[in-house]
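Spelled out, the chains give:
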Amino acid sequence: MTKVAIIGTVGVPGAYGGFETLADNLVRYHEAENLDGELSVYCSGSRNESSLAFYHGAELRYVPLNANGVQSIPYDIRSMLHAVFRRTDVLLILGVSGAVFIPVVRLFSNSKIVTNIDGIEWRRAKWNGLAKRFLKMSEAIAVRWSHEVIADNDAITEYVAETYGIRCSTIAYGGDHAMTVAPDHDLPFMPPERYAFALSRIEPENSVAKILEAFSTVPDKSLVYVGNWNNSDFGQRLRRQYSGFANIHMAEPIYDLAKLRGLREGADLYVHGHSAGGTNPALVEMMHFGLPIVAHGCVFNRKTTENEADYFETAEDLARFLANRDHEVEKARGLRMLEIARKRYTWDEIGRSYFNLIEKVDAN
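Visitor: What is the right way to read the pattern of salt bridges from this model?
Guide: Where charged atoms from two side chains of opposite charge approach closely, those side chains can pair. This model, assessed by the stated rule, comprises 20 salt bridges. Across the pair D268 and R194 runs a salt bridge whose closest N-O atoms are separated by 2.9 Å. Placement of D268 in the loop between α8 (257–266) and β12 (269–272) and of R194 in the loop between β8 (169–170) and β9 (196–199) is noted, with a sequence separation of 74 residues between them. Relative accessible area serves as the criterion here: at 51%, R194 is assigned to the exposed category. The shortest N-O distance in the salt bridge between E252 and R239 comes to 2.6 Å. Residue E252 is located in the loop between β11 (248–251) and α8, and its partner R239 is located in helix α7 (residues 233–242); the two are separated by 13 residues in the primary sequence. Of the residues examined, E252 reaches a relative accessible area of 36% and is grouped as partly exposed. Each of E306, E308, R336, E339, K343 and R344 takes part in one network of salt bridges that share partners.

In structure tokens:
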């Protein structure tokens with residue numbers, strides 16, 4: 001009986017975070033399809049009375065370290081060690097934090113390694129020189145030493161082939177879980193009657209400043225932007241700068257899917273500013289709502305939307321788009337986003353792809 005361990009996330013049940021949502025839905029798929037084998041998920045935190053031992057049939061194993069930040073390195077390594085000692089057949093590693101240990105696993109065990117390398121993490125603007133070098137090294141080790149590498153976007157697959165000469169599997173994310181709950185309109189604020197919607201971590205690479213600047217120049221177009229404004233000097237500065245604009249509503253983070261669905265369904269446009277990473281979970285979730293989307297024109301977003309959304313590079317681009325919206329054209333594009341989402345970004349499709357790959361790796 002094949003033993004599979006999911007390593008590298010905060011754990012399940014999944015809350016905020018793409019990898020956590022991925023792990024949660026893989027566990028649910030494994031149970032729903034009654035797949036053979038044992039599935040376990042490594043989770044951050046010490047076991048206590050409130051911690052679950054099992055979740056949808058998967059065993060939860062707790063590591064007393066933080067899954068994020070600098071501690072993510074020993075967290076992943078300790079998880080790998082534990083999985084190897086339990087003679088786990090396949091380690092599904094999400095992210096490259098602990099990749100420096102993968103060669104050791106290969107040398108001293110028969111466990112197979114499948115690694116989702118996430119986005120091209122070392123290119124993100126938020127990392128300093130030392131962190132960039134470490135992440136680039138970790139990426140190279142993961143690609144070189146894993147039995148199979150997963151990229152979540154065709155652009156990353158192409159990057160891996162060009163950079164390392166290695167062919168990897170492309171498996172994106174599902175987004176249909178955003179539609180599985182009834183909308184909850186009991187919000188801590190009253191949204192405008194007509195508004196565009198944006199949702200992201202408040203970081204420079206997510207084009208937050210560009211989006212706010214664009215809407216500040218078109219006062220007849222309202223924006224509801226949900227994000228963690230108070231978590232950084234950058235977010236606090238933007239909030240001070242734009243809070244005086246009546247058409248810009250800067251809301252605190254909302255993690256409840258029902259409340260998010262209520263906000264998403266009430267919007268008439270989704271603005272997606274992510275410019276780095278790969279296939280972004282928030283984007284594929286929004287595609288299931290059939291709304292028109294205007295996204296940053298990076299290659300990742302173009303690949304995700306099959307180049308059939310609207311795109312912007314600068315605040316001026318976005319302001320020009322907002323001032324000249326064609327609702328008939330947008331309606332058709334929104335329906336096209338829904339069509340692509342139902343074809344490519346459902347958890348049935350993603351779960352099937354992951355476990356088929358795991359089965360193939362285990363058999364070789």
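Visitor: Before we go on, may I ask you to explain the layout of surface pockets in this structure?
Guide: In this model, the second largest pocket occupies a volume close to 330 Å³. What lines the second largest pocket is a set of 16 residues, and nearest its centre among them are H30, L35, D36, F355 and E359. Those elements giving two or more residues to the lining of the second largest pocket turn out to be α1 (18–32), β2 (38–44) and α13 (347–363). A per-element tally of the lining of the second largest pocket places α13 first, with six residues. Its residues assigned to classes, the lining of the second largest pocket comprises seven nonpolar, four polar and five charged.

Visitor: Sorry if this is basic, but what is going on with unusual backbone geometry here?
Guide: Look at the link from V12 to P13: it is a cis peptide, with omega at 0 degrees. Within the secondary structure, P13 sits in the loop between β1 (3–7) and α1. With a phi angle near 55 degrees, R87 is a residue other than glycine that sits in the positive phi range. Within the secondary structure layout, R87 lies in the loop between α2 (72–85) and β5 (90–94).

Visitor: What is the right way to look at the nonpolar core in this model?
Guide: As a rule of thumb, nonpolar side chains are buried together in soluble globular proteins. With 58 residues, the main nonpolar core has L22, L92 and F197 as its most contacted residues. Ranked by residue count, the leading element in this core is α13, at seven residues. Those residues in contact with L92 that lie beyond four places of it in its chain are A5, I6, I7, L26, V114, I150, Y354 and I358. Listed in part, the 32 residues of the second largest apolar core include I7, A99, I141 and C298.

Visitor: Is there a simple way to explain the sheet that holds strand β13 (residues 293–296) in this structure?
Guide: To summarise the sheet geometry, strands pair through backbone hydrogen bonds and adopt either a parallel or an antiparallel arrangement. Spatially, β11-β10-β9-β12-β13-β14 is the arrangement adopted by the six strands of the open sheet, whose pairing is parallel. On the outer flanks of this sheet lie β11 and β14 (310–312), each paired with one strand and no other. Along the sheet, successive strands turn relative to each other by an average axial angle of 20 degrees, direction set aside. Summarising the sheet, β9 and β12 pair through two bridges and their orientation is parallel. Across the sheet, the residue bridging to A196 is L269, located in β12. Along the sheet, α8 contacts β9 and β10 (223–226); its crossing angle with β9, the most-contacted strand, is approximately 145 degrees.

The rules behind these values
Residues numbered from 1 in each chain as written. Predicted model: local features only at pLDDT ≥ 70, side-chain atom pairs only at ≥ 80, totals over all residues. Heavy atoms only, no water. Salt bridge = Lys/Arg side-chain N within 4 Å of Asp/Glu carboxyl O. Helix = DSSP H or I, 4+ residues; strand = E, 2+ residues; numbered from the N terminus. Buried < 20%, exposed > 50% of the residue type's maximum accessible area, 1.4 Å probe, protein only. 1 Å grid on protein atoms, 1.4 Å probe; cavity = no way out; pocket = protein on both sides within 12 Å on 5 of 7 lines; lining within 4 Å. Points joined across faces, edges and corners; volume = space filled by probe spheres on them. Nonpolar A, V, L, I, M, F, W, Y, C, P; charged D, E, K, R; others polar. Core = buried A, V, L, I, M, F, W, Y, C linked by side-chain atoms within 4.5 Å. Contact = heavy atoms within 4.5 Å. Pairing = 2+ DSSP bridges. Axes fitted to C-alpha atoms, helices over the stretch in contact; angles between N-to-C directions.

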